[in-house]
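If you want the building blocks of each chain, they are given just below.
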Amino acid sequence: NVQQLIPRSRVGDGLLDTRDGKYGFAYLIDDVDKFDATFFEVHRAEARLMDPQQRLLLEMTWKAIEDTNISVEEMRTKRTAVYVGIGASEYGLLAGSSELSNSVFSLSGAMPSISAGRLSHFFGFQGASVAIDTACSSSLVAAHMGCSSLRKQECDYAIVGGVTLVLSHQGIEMLKQVQALSPDGICHTFDVAANGYARGEGCGVVILTNSNQEMKKAPIAEILGSAVNHDGRASALTAPNGPAQEKVLREALSDAGITGAEVQVIEAHGTGTNLGDPIEMRALGSVYG
């Protein structure tokens with residue numbers, strides 16, 4: 001345990017009290033204060049100021065590489081890019097208010113851009129190294145960029161990941177003010193009872209390569225196509241735009257060379273709000289229905 005800035009228990013300690021909903025509900029993973037700094041060649045003092053999101057990315061990238069059966073040494077000899085979806089560091093708020101705020105490691109420990117650079121540095125990858133923050137879609141946009149880089153033959157492998165941790169009640173308080181969070185901690189997506197969503201934590205990393213790349217292990221999935229766009233002008237900055245949603249769905253299908261009828265499962269945005277849900281459902285119905 002190299003991290004003293006995160007309370008030993010984040011439940012009932014004034015940070016996230018899920019018992020009475022004082023700060024709202026969140027779905028948290030265990031042991032975010034644990035990190036094997038020696039294994040990842042990080043000095044103990046630096047590890048203490050590293051955003052745990054950076055630590056999770058290191059751990060999960062190592063696991064992803066193990067799962068592919070491709071050696072790190074081989075990936076170093078190829079062009080291996082890194083695309084990471086990550087938002088602002090709530091850990092930086094905690095570190096900034098501590099006696100460690102003036103440490104040489106406080107800046108690199110909290111900068112989202114360092115999350116991708118740290119992976120490239122530790123593993124020795126010399127391809128593109130990019131941190132992406134597009135809010136809820138960050139990891140999907142990272143995957144899109146990884147696929148584009150592979151198609152353009154800018155890299156041989158693309159490390160694609162996403163991570164988010166809830167480390168401060170301030171973010172929850174701000175989301176509560178805009179009524180984005182469900183008071184009961186349940187996301188009633190596409191339901192008349194929809195009243196917001198509940199924040200959750202997690203980290204996932206996959207390794208992408210072209211289908212003609214020789215693999216030592218069968219791939220778990222194939223990405224046929226992808227697309228990215230923005231709502232453009234809408235009734236408000238955070239309001240969804242139905243026609244824009246339909247457009248990006250159709251572009252993804254066109255890129256994949258398939259029809260909407262061939263799609264069997266959809267993972268929706270699912271904000272669980274009476275504003276976003278009907279717009280998203282109509283767009284999905286129009287394209288896939």
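This write-up is about the structure you can find in this document. (Residues numbered from 1 in each chain as written. Predicted model: local features only at pLDDT ≥ 70, side-chain atom pairs only at ≥ 80, totals over all residues. Heavy atoms only, no water.)

## Thoughts on the overall build of the protein
Link 1 in the chain: Each helix and strand in the protein was counted, giving ten helices and six strands.
Link 2 in the chain: Within the protein, the proportion of its 289 residues that are buried is 41%.
Link 3 in the chain: Summarising the internal contacts of the protein: among those between residues at least 6 apart in sequence, 73% fall at separations of at least 24.
Link 4 in the chain: Split by element, the accessible area of the protein, about 15,900 Å² in all, is 53% carbon and sulfur. (Helix = DSSP H or I, 4+ residues; strand = E, 2+ residues; numbered from the N terminus. Buried < 20%, exposed > 50% of the residue type's maximum accessible area, 1.4 Å probe, protein only. Contact = heavy atoms within 4.5 Å. Areas by Shrake-Rupley, 256 points an atom, 1.4 Å probe, with all protein chains shown as cover.)

## Notes on the side chain of Gln-53
Link 1 in the chain: Assignment of secondary structure puts Gln-53 in helix 2 (residues 52-68).
Link 2 in the chain: Those residues in contact with Gln-53 that lie beyond four places of it in its chain are Ile-86, Gly-87, Ala-88, Ser-89, Val-163, Thr-164 and Leu-165.

## Things to note about unusual backbone geometry
Trans peptide bonds make up the majority, and among non-glycine residues the majority have a negative phi.
Link 1 in the chain: The phi dihedral of Asn-69 falls on the positive side, at around 70°, and the residue is not glycine.
Link 2 in the chain: As for its placement among the helices and strands, Asn-69 is situated in the loop between helix 2 and helix 3 (72-77).
Link 3 in the chain: Located in the positive-phi region is Gln-179, a residue other than glycine, with phi close to 60°.
Link 4 in the chain: Within the secondary structure, Gln-179 sits in the loop between helix 8 (169-177) and strand 5 (199-200).

## Digging into the state of the cysteines
Link 1 in the chain: Counting across every chain of the model gives zero disulfides.
Link 2 in the chain: Here Cys-147 stays unpaired: no disulfide links it, and the sulfur of Cys-155, its closest cysteine neighbor, is 9.5 Å away.
Link 3 in the chain: What makes Cys-147 buried here is its relative accessible area of 13%. (Disulfide = S-S within 2.5 Å.)

## Some points on the pattern of salt bridges
If the charged atoms of two oppositely charged side chains come close together, the side chains can form a pair.
Link 1 in the chain: For the structure on display, the rule yields eight salt bridges.
Link 2 in the chain: Between Asp-156 and Arg-79 there is a salt bridge, with the nearest N and O atoms lying 3.4 Å from each other. With Asp-156 in the loop between helix 7 (138-151) and strand 4 (157-164) and Arg-79 in the loop between helix 3 and strand 2 (80-85), this residue pair connects regions lying 77 residues apart in the sequence.
Link 3 in the chain: What makes Asp-156 buried here is its relative accessible area of 18%. (Salt bridge = Lys/Arg side-chain N within 4 Å of Asp/Glu carboxyl O.)

## Comments concerning the nonpolar core
Link 1 in the chain: In terms of nonpolar packing, the biggest core is built from 31 residues, with Phe-35, Leu-58, Met-75 and Phe-123 touching the most fellow members.
Link 2 in the chain: At the level of elements, helix 2, helix 3, strand 2, helix 6 (112-123), strand 4 and strand 6 (202-209) are the ones that each hand at least two residues to this core.
Link 3 in the chain: It is helix 2 that provides the largest number of residues to this core, a total of five residues.
Link 4 in the chain: Counting residues in each nonpolar core, the second largest holds twelve residues, with Tyr-83, Val-141, Val-160 and Leu-208 among its members. (Core = buried A, V, L, I, M, F, W, Y, C linked by side-chain atoms within 4.5 Å.)

## Concerning the packing of helix 2 against helix 6
Link 1 in the chain: At a minimum axis distance of 10 Å, the contact between helix 2 and helix 6 shows a crossing angle of 45°. Compared by their axis directions, helix 2 and helix 6 come out oblique. Here the hand of the crossing between helix 2 and helix 6 comes out right-handed. Contacts between helix 2 and helix 6 involve Gln-54, Leu-57, Leu-58, Thr-61, Trp-62 and Ile-65 from the former and Ile-114, Ser-115, Arg-118, Leu-119, Phe-122 and Phe-123 from the latter.
Link 2 in the chain: Grouping the constituent residues of the contact of helix 2 with helix 6 by class yields eight nonpolar, three polar and one charged. (Axes fitted to C-alpha atoms, helices over the stretch in contact; angles between N-to-C directions. Parallel < 35°, antiparallel > 145°, perpendicular 65-115°, else oblique. Left-handed = near helix turned anticlockwise from the far one by under 90°. Nonpolar A, V, L, I, M, F, W, Y, C, P; charged D, E, K, R; others polar.)

## Comments concerning the sheet that holds strand 3 (residues 129-132)
Link 1 in the chain: Strand order in the open sheet formed by four strands is 3-2-4-6, with mixed pairing between adjacent strands. Each end of this open sheet is capped by a strand with a single partner; those strands are strand 3 and strand 6. Across the sheet, the axes of successive neighbouring strands diverge by a mean angle of 15°, strand direction being ignored.
Link 2 in the chain: Here four bridges tie strand 2 to strand 3, and the two strands are oriented parallel to one another. For Gly-85, the partnering residue across the bridge sits in strand 3 and is Ile-132.
Link 3 in the chain: Against the sheet, helix 7 touches strand 2, strand 3, strand 4 and strand 6, its axis set at about 175° to strand 4. (Pairing = 2+ DSSP bridges.)

## Things to note about the packing of helix 9 (residues 242-256) against helix 10 (residues 276-288)
Link 1 in the chain: Where helix 9 contacts helix 10, the axes come no closer than 9 Å and their chain directions differ by 35°. Crossing of helix 9 over helix 10 shows right-handed handedness. Within the contact between the two elements, helix 9 uses Gly-242, Gln-245, Glu-246, Leu-249, Arg-250 and Leu-253 and helix 10 uses Ile-279, Glu-280, Ala-283, Leu-284, Ser-286, Val-287 and Tyr-288.
Link 2 in the chain: Here the contact of helix 9 with helix 10 is built from residues that sort into seven nonpolar, three polar and three charged.

## Looking at the packing of aromatic side chains
How two aromatic rings sit relative to each other is given by the distance of their centres and the angle of their planes.
Link 1 in the chain: A complete count under the given rule lists eight aromatic pairs for this structure.
Link 2 in the chain: Ring centres of Phe-122 and Phe-123 lie 4.9 Å apart, and the angle between their planes is 80°; this geometry places the pair in the edge-to-face category. Summarising the burial analysis for this pair, Phe-122 and Phe-123 share the class buried. (Phe/Tyr/Trp six-rings, centres within 6.5 Å; stacked < 30°, edge-to-face > 60°.)

## Some points on the side chain of Glu-90
Link 1 in the chain: Along the chain, Glu-90 falls in helix 4 (residues 90-96).
Link 2 in the chain: Relative accessible area serves as the criterion here: at 13%, Glu-90 is assigned to the buried category.
Link 3 in the chain: Among the polar contacts listed, one links the side chain of Glu-90 to the backbone nitrogen of Leu-167, at a separation of 2.9 Å.
Link 4 in the chain: Looking at Glu-90, its side chain comes within polar contact range of the side chain of Arg-199, at 3.2 Å.
Link 5 in the chain: Setting aside residues up to four positions removed in sequence, Glu-90 forms contacts with Leu-165, Val-166, Leu-167, Ser-168, Gly-171 and Arg-199. (Polar contact = N/O pair within 3.5 Å; in protein donor to acceptor, adjacent residues only side chain to side chain.)

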